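A look at the structure
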Amino acid sequence: MSALRGLIIKESKHILRDRKTLVILFVIPVALVLIIGYVVSMDVKDTVIGVYDKARDSESVRLTNRIVSSGYFKLGKIITHDDQIESAFRTGSIRMAVVIGDHFGKRMLQPAGGAAVQIIADASEANTAQLLVSYCEAVIRSFALEESVVARPPVEVEVKMFFNPFLNSIYMSIPGIMALVLIIVTAMMTSLSITREKELGSMEILLASPLAPFQIIIGKVAPYLALASINAVTIVLLGYFVFRVPMLGSWQLLFLINFLYIYLSLALGILVSSLASTQMVAMFASMFGLLLPTMLLSGFIFPIENMPDWLQALSRILPPRYYVEAIKAVMIQGSGLAVVWHHLLVMSAFGMIYTIAAVKKFKIRME
Amino acid sequence: MIRIANVCKSFGAVQALNDVSFEVKENELFGLIGPDGAGKSTLFRILISLMTPDSGTVALWGLDAVRDYKAVRKIIGYMPGKFSLYEDLTVEENLQFFASVFGVTVEENYHLIEEVYSHIAPFRKRPAGKLSGGMKQKLALSCALIHKPRLLALDEPTTGVDAVSRKEFWENLGAIRQAGVTTIVATPYMDEAALCDRIAFINKGRILSIDTPQNIVERTTQRIFAIRAANMRTLPALCRSLPEAIAAYSFGDSVHLAVNSHHTEADGIRQQLTRLSCEKITVEPIAPTIEDCFIITAKN
């Protein structure tokens with residue numbers, strides 16, 4: 001049996017026998033996708049609103065019906081008095097109130113217009129409030145266009161959302177979750193497994209053996225490469241079948257991107273472990289050095305365009321950003337190599353740099 | 001054969017090894033005897049190429065431990081101080097893994113480890129973590145031997161092992177030397193020193209003396225007395241206060257007193273101790289043990 005094969009078999013046995021960690025490694029990705037897909041959804045759906053119809057004419061009733069039947073909103077409370085609005089917000093029974101002004105129908109028919117609708121939102125959650133208001137505005141606008149008897153306005157704005165017409169946030173989340181999970185499984189787990197051998201003292205025996213550094217490293221990394229690939233496939237399939245995330249580009253390209261990313265994460269993990277001497281240090285280093293930047297600076301949670309310049313610059317030297325962009329381009333936009341080639345190039349360069357640094361940093365002796 | 005010449009090594013302000021030189025002959029069972037912190041482990045790591053000395057050289061059969069570290073690592077079997085095999089792998093899997101690391105099969109060298117391994121063979125399906133301390137050490141020894149090294153380096157192999165297992169372990173070492181493997185053992189246990197062909201006393205990074213255990217005992221010029229009295233607790237300090245005392249220390253149920261002068265007799269000591277108001281004094285001249293020799297050498 002060759003030394004490398006022996007190392008890989010040994011490492012695989014460590015992974016397979018550590019049942020608890022193994023379960024976590026398979027459950028975390030699935031749980032993350034489901035949680036972020038179902039719970040942390042930023043989409044507007046059946047939000048409870050209050051309607052204060054001061055006009056009570058047929059047009060106002062039609063508008064109310066239109067809003068409530070849009071699927072975005074659900075009528076939770078019929079408001080009959082001004083004071084009720086604030087108290088309804090305070091008790092949290094509604095998230096938004098629509099106030100339809102006096103003589104709504106009559107004013108709509110007048111050429112000068114002046115039919116008034118007021119939207120009141122709970123801005124203690126600013127982002128949600130903005131989202132709700134813009135959805136509601138869109139519904140009212142289309143109502144006004146259809147019902148209007150007067151000439152259409154001179155400028156008509158038509159908004160169309162390409163690639164993600166209903167602004168499903170899971171389209172954004174899936175690539176982000178993949179970036180996150182793959183970093184955890186690969187970088188964190190490999191750095192932990194190498195530092196564990198240092199703590200245990202077995203690294204001393206491996207170092208004192210004829211094994212070359214690259215053999216020790218590949219032996220460590222290969223099983224995690226397999227594990228991470230399984231995770232990547234699981235997440236893509238979950239997104240594709242459960243959340244109907246489109247897969248417009250080529251599967252081969254998707255796997256090439258994933259493979260590159262896994263590879264460079266592994267190299268990062270080895271780099272971390274060559275700098276850390278205990279599992280504790282490796283853990284914290286990968287948490288704060290890898291996990292947080294992946295979450296915050298990959299564009300997964302916060303759009304990179306809105307960041308201050310220095311953070312944008314920082315995000316440019318971190319690989320997850322390129323990974324998330326490339327995955328989105330291939331899955332959602334159906335882009336091919338013509339678009340993502342420079343992402344691939346950047347990731348390959350990162351992988352190369354990390355590998356060289358890791359091999360250079362790997363100590364053939366003890367300190 | 002192994003030649004260690006003028007090796008020095010410091011960690012910051014601590015000088016772990018100070019001008020260490022000695023030779024180990026082919027097929028010898030060589031003991032490195034010294035207390036914790038004497039520099040044994042550092043010396044081992046330098047010997048097997050895991051560390052580089054600040055100055056001095058280590059040559060193993062003509063190979064330089066720093067320059068030819070790759071070649072050196074092929075001919076050594078190393079067993080570090082703490083148990084460092086894989087606890088979640090079985091006995092058998094550990095052995096197979098280390099055989100594969102050195103590119104050999106368990107079968108081709110089984111004859112070499114047979115005597116050691118036969119003790120643990122009945123438990124070969126058991127995870128190494130669930131073995132007793134003695135069995136763990138036997139497994140570690142088997143793993144260090146499986147590639148038929150020219151030099152076996154054992155760093156405190158019997159620390160934390162029960163007396164019976166320790167005895168068996170040393171019997172195994174004797175058999176391994178018969179098979180032609182040069183062995184260097186570090187141990188803090190003085191009783192084990194007597195089982196080596198030659199021993200080196202090491203303390204505070206310095207080699208104090210090197211010889212066969214027998215010569216070390218015979219060449220001791222100091223006289224040793226075993227002393228008992230009613231006040232055993234204060235006795236070592238009282239003995240140390242005697243003008244001719246070199247060292248005095250508790251040793252089992254008595255106090256050993258080492259004196260330089262050959263004119264000192266048991267009666268004289270008894271009289272002096274009586275003057276220091278000791279009661280029920282017995283003073284008995286004894287032959288020095290290895291431990292006595294070590295303490296005397298360390299004092300000098």
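Relevant structure appears above.
Description of the structure in this document. No experiment lies behind these values; they were computed from the predicted model shown. (Residues numbered from 1 in each chain as written. Chains lettered and ligands numbered in written order. Predicted model: local features only at pLDDT ≥ 70, side-chain atom pairs only at ≥ 80, totals over all residues. Heavy atoms only, no water.)

If you tally the helices and strands in chain A, you get 14 helices and 4 strands. Taking 367 residues into account, the globule formula puts the C-alpha radius of gyration at 21 Å, and chain A, at 27 Å, lies well above it. The principal-axis extent of the C-alpha atoms belonging to chain A is close to 90 × 45 × 40 Å. Here chain A, with 367 residues, has 45% of them falling under the buried criterion. Nonlocal contacts in chain A, meaning residues at least 24 apart in sequence, comprise 78% of its contacts between residues at least 6 apart. Counting every atom, chain A has about 18,600 Å² of accessible surface; 65% of that belongs to carbon and sulfur. Charged side chains of chain A number 31 positive and 25 negative; the gap between the two group centres comes to 12 Å. (Helix = DSSP H or I, 4+ residues; strand = E, 2+ residues; numbered from the N terminus. Rg over C-alpha atoms; globule rule 2.2 N^0.38 Å. Buried < 20%, exposed > 50% of the residue type's maximum accessible area, 1.4 Å probe, protein only. Contact = heavy atoms within 4.5 Å. Areas by Shrake-Rupley, 256 points an atom, 1.4 Å probe, with all protein chains shown as cover. Lys, Arg positive; Asp, Glu negative; His and termini not counted. Charge placed at Lys NZ, Arg CZ, Asp CG, Glu CD.)

Between two packed helices, both the angle of their axes relative to each other and the distance between the axes serve to describe the pair. Residues and elements named next belong to chain B. Relative orientation of the contacting elements helix α4 (residues 110-120) and helix α6 (residues 163-178) amounts to 155°, with a least axis distance of 9 Å. What the angle tells us is that α4 and α6 run roughly antiparallel. Along its contact with α4, which presents E115, V116 and H119, the element α6 presents E168, N172, A175 and I176. Each residue belonging to the contact of α4 with α6 can be placed in one class, and the counts come to 3 nonpolar, 2 polar and 2 charged. (Axes fitted to C-alpha atoms, helices over the stretch in contact; angles between N-to-C directions. Parallel < 35°, antiparallel > 145°, perpendicular 65-115°, else oblique. Nonpolar A, V, L, I, M, F, W, Y, C, P; charged D, E, K, R; others polar.)

All names here are of chain A. Taking 1.5 Å of rise per residue, 22 residues should cover 32 Å, and helix α6 (residues 126-147) covers 31 Å from first to last C-alpha, within 8% of that figure. Taken together, the buried positions of α6 are A129, L132, Y135, C136, V139, I140 and F143. Take α6 and look down its axis: the buried residues cluster within an arc of 140°, on one side only. Turned more than 90 degrees from where α6 packs its buried face, N127 and Q130 sit exposed. Against the buried residues of α6 lie β1 (47-53), α3 (58-68), β2 (73-79), β3 (96-100), α5 (104-109) and β4 (117-121). (Expected span 1.5 Å × (residues − 1). Arc of directions from axis to C-beta.)

We now examine a nonpolar patch on the surface. Residue and element names in this part refer to chain A. Together, L34, I35, Y38, V39, V233, L237, Y240, F241, V242, W251 and F255 line one region of the surface with nonpolar side chains, adding up to about 980 Å² of accessible area. Breaking the nonpolar patch down by element, the ones donating at least two residues are α2 (19-39), α9 (213-241) and α10 (251-275). Along the polypeptide, Y240 turns up in helix α9. According to the relative accessible area criterion, Y240 is partly exposed, its value standing at 30%. (Patch = residues over 30% accessible without salt bridge, like charges linked within 9 Å, V, L, I, M, F, W, Y side chains within 5 Å. Salt bridge = Lys/Arg side-chain N within 4 Å of Asp/Glu carboxyl O.)

Contacts between chain A and chain B engage 26 residues on the former and 30 residues on the latter. Summing both partners gives a buried area of about 2,500 Å² for chain A against chain B, and 62% of it is carried by carbon and sulfur. Here chain A and chain B share 3 salt bridges between them. Among the salt bridges present, the one from E204 of chain A reaches R45 of chain B, with a minimum N-O distance of 2.8 Å. Counting across the chain A and chain B interface gives 12 residue pairs in polar contact (both at pLDDT 80 or more). Of all the secondary-structure elements, those providing two or more residues to the side of chain A that touches chain B are α1 (3-17), α7 (170-200) and α8 (202-207) of chain A. When residues of the side of chain A that touches chain B are assigned to their parent elements, the largest contribution, 7 residues, is made by α1 of chain A. Counted by class, the side of chain A that touches chain B contains 12 nonpolar, 6 polar and 8 charged residues. (Buried area = accessible area lost by both parts, 1.4 Å probe. Polar contact = N/O pair within 3.5 Å; in protein donor to acceptor, adjacent residues only side chain to side chain.)

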